[in-house]
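One-letter residues, chain by chain:
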Amino acid sequence: MAYKKRLAAALVSLTLITTACGNGGTGSGTNAANGGNAGNAAANEQITLKFYSYNLAIASQVPGTEKLISEFETAHPNIKIDAIPISSTDINAKVQADIVAGSAPDIAQLTFDGLDFAVNNFNAKPLEDIVAADELKSNFKGFSPNGLKLGQLNGKTFGLPFTFSTPVLFYNAKLFEEAGLDPAAPPTTWAQVKDYGLKIAEKTGMTGAHVGGATGGDWIIQALIGSNGGQALSDDRKTIKFGEPEAVEMVQMWQDLIKSGANGKLNDGEAIEAFSQGKIGMLLFTSALQSSFVAASQAGGWELKTAKMPAFGDKPTTPVNSGSALFILSDDKAKQQAAWEFLKFATSQRGYTIITSEIGYLPLRPAIIDDPNYLKDWVAANPLVKPNLEQLDSLKPWVSYPGANWKQIETILNDSVSKAIAGDGDVAAIMQDAQKRAQALIQ
């Protein structure tokens, strides 16, 4: 595959995850099995698809992504994937520049927070305009309903959800025991996180907790705001709401965790390293880090456990996803049909088996976790994934902000939360100022 020649220069460390982070069967069936003109168009000529992927720019995710592409090419010998690794922080700018230059990719892996921009600026193709309605309906059968919504805008599916995670509370059972806490009873509320964090800090001398996500994308912030009953953006997509009382209260909780000493003062990258070394009791972060933490805990002689994200009292939690969707950008009809074949395979039962067991993301076809042909044995051997799977039932989309200023709005939110939790300033004033500045950027 062509990307192998480009790979060495593009590999980055696992922490880049933090910037960012069908029809039954295998998805590799014959033209008759796939049905309709899509299979015919893809089967009758040799086609090469240019594919921009940020999974190929994360060293730990390269082997699984290579395997996914290789199996697709074996099943579809007339379709070659020219896969190009680009980091998640650069991929939108790269796509935009290449569109202007007339060399756009045929398929791009883009994060969900850029959905609105991709639809309105990259001319992303809705699947409903490419695939026959009956085939699309058949392919969507068995897909997580909450997951499928993530790539939809204005009633159409522009991005097919691909690699995907939710915020999970990782915790160190050894530090729990040393602090006199029961590892079988993790905290379920933020008040308990504070209590447990203070006990761990006092009894062990280690950092009690770290809440990640103040930088590198606002998906965890959105999850926390929603779990306190608030929103980052109104339902009609016109009004910024992260200066409202529910959001302010959430940030005040976060600030208090740090001021009290329950939450350390490390940045996210430092916290990931410290948790891997067994020096932090609890870490709320992307579930995509699980395989890395399992290896670290085994090497370090401590036990890793996981729990669902904590709640604000008795309010229901609203986990928000990180991750990406696959977008078809090509204007060429034959390439569109070939791209659909790739999307179909990548998100099939077999595709998600590879994605979950070898890349580290959630399977958005939930039935495969109980199917011995797919993930049943793997889930039995990796029970830490279960809290993450359970959160699919209450999942809320990572909201994309409208207009060309979407990234600036997201940055305002990240920067304002970071400023508020790092000091002892007036959280309400900081967040209301952020809301005002972000609202001025709404188009």
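Since this is a predicted model, take the numbers as computed values, not measurements.

Student: Any chance you could explain the pattern of salt bridges here in plain terms?
Tutor: Applying the stated criterion across every chain yields a total of 16 salt bridges. For Lys344, the salt bridge is made with Glu341, and the minimal N-O distance between the two is 3.5 Å. Of this pair, Lys344 and Glu341 both sit in helix 16 (residues 333-346), three residues apart, roughly one helical turn. For Glu341, a relative accessible area of 1% translates into the label buried. Taken together, the salt bridges that share partners define one network made up of Asp113, Lys407 and Glu410.

Student: Can you walk me through the packing of helix 5 (residues 62-75) against helix 16 in this structure?
Tutor: Packed helices, taken two at a time, are described by the angle between their axes plus the distance between the axes. Remark: helix 5 packs on helix 16, axes separated minimally by 10 Å, with the N-to-C direction vectors making an angle of 125°. In terms of orientation, helix 5 lies oblique with respect to helix 16. The two elements helix 5 and helix 16 meet at a crossing, and its hand is right-handed. Residue-level inspection shows Leu68, Ile69, Glu71 and Phe72 of helix 5 in contact with helix 16, the latter providing Ala338, Glu341, Phe342, Phe345 and Ala346. Considering only residue class, the contact of helix 5 with helix 16 consists of seven nonpolar, no polar and two charged.

Student: Would you mind going over the confidence of the model for the protein with me for this structure?
Tutor: A low pLDDT means the predicted coordinates there should not be read in detail. Residues at a pLDDT of 70 or more form 90% of the protein, whose mean pLDDT is 90. Predicted confidence for residues 1-20 stays below pLDDT 50, and this span has 60 contacts to residues more than four positions away or in other chains. In the model, residues 22-42 has pLDDT below 50 throughout and makes 47 contacts with residues more than four positions away in sequence or in other chains.

Student: Help me understand helix 11 (residues 190-204), please; the structure alone is not making it clear to me.
Tutor: An α-helical turn contains 3.6 residues, so any two residues separated by three or four positions project in the same direction. The terminal C-alpha atoms of helix 11, which comprises 15 residues, lie 21 Å apart, in line with the 21 Å expected from a rise of 1.5 Å per residue. Within the sequence span of helix 11, burial applies to Trp190, Val193, Tyr196, Gly197, Ile200 and Thr204. Each buried residue of helix 11 sits inside an arc of 115° when the element is viewed along its axis, so together they form one side. Opposite the buried face of helix 11, at more than 90 degrees from it, the exposed residues are Ala191, Glu202 and Lys203. Contacts from the buried residues of helix 11 go to helix 10 (173-178), strand 8 (207-211), helix 12 (219-227), helix 13 (245-260) and strand 9 (280-286). Immediately beyond the C-terminal end of helix 11, within one or two residues, lies Gly205, with a positive phi of roughly 80°.

Reading the values: rules and limits
Residues numbered from 1 in each chain as written. Predicted model: local features only at pLDDT ≥ 70, side-chain atom pairs only at ≥ 80, totals over all residues. Heavy atoms only, no water. Salt bridge = Lys/Arg side-chain N within 4 Å of Asp/Glu carboxyl O. Helix = DSSP H or I, 4+ residues; strand = E, 2+ residues; numbered from the N terminus. Buried < 20%, exposed > 50% of the residue type's maximum accessible area, 1.4 Å probe, protein only. Axes fitted to C-alpha atoms, helices over the stretch in contact; angles between N-to-C directions. Parallel < 35°, antiparallel > 145°, perpendicular 65-115°, else oblique. Left-handed = near helix turned anticlockwise from the far one by under 90°. Contact = heavy atoms within 4.5 Å. Nonpolar A, V, L, I, M, F, W, Y, C, P; charged D, E, K, R; others polar. pLDDT = per-residue confidence, 0-100. Expected span 1.5 Å × (residues − 1). Arc of directions from axis to C-beta.

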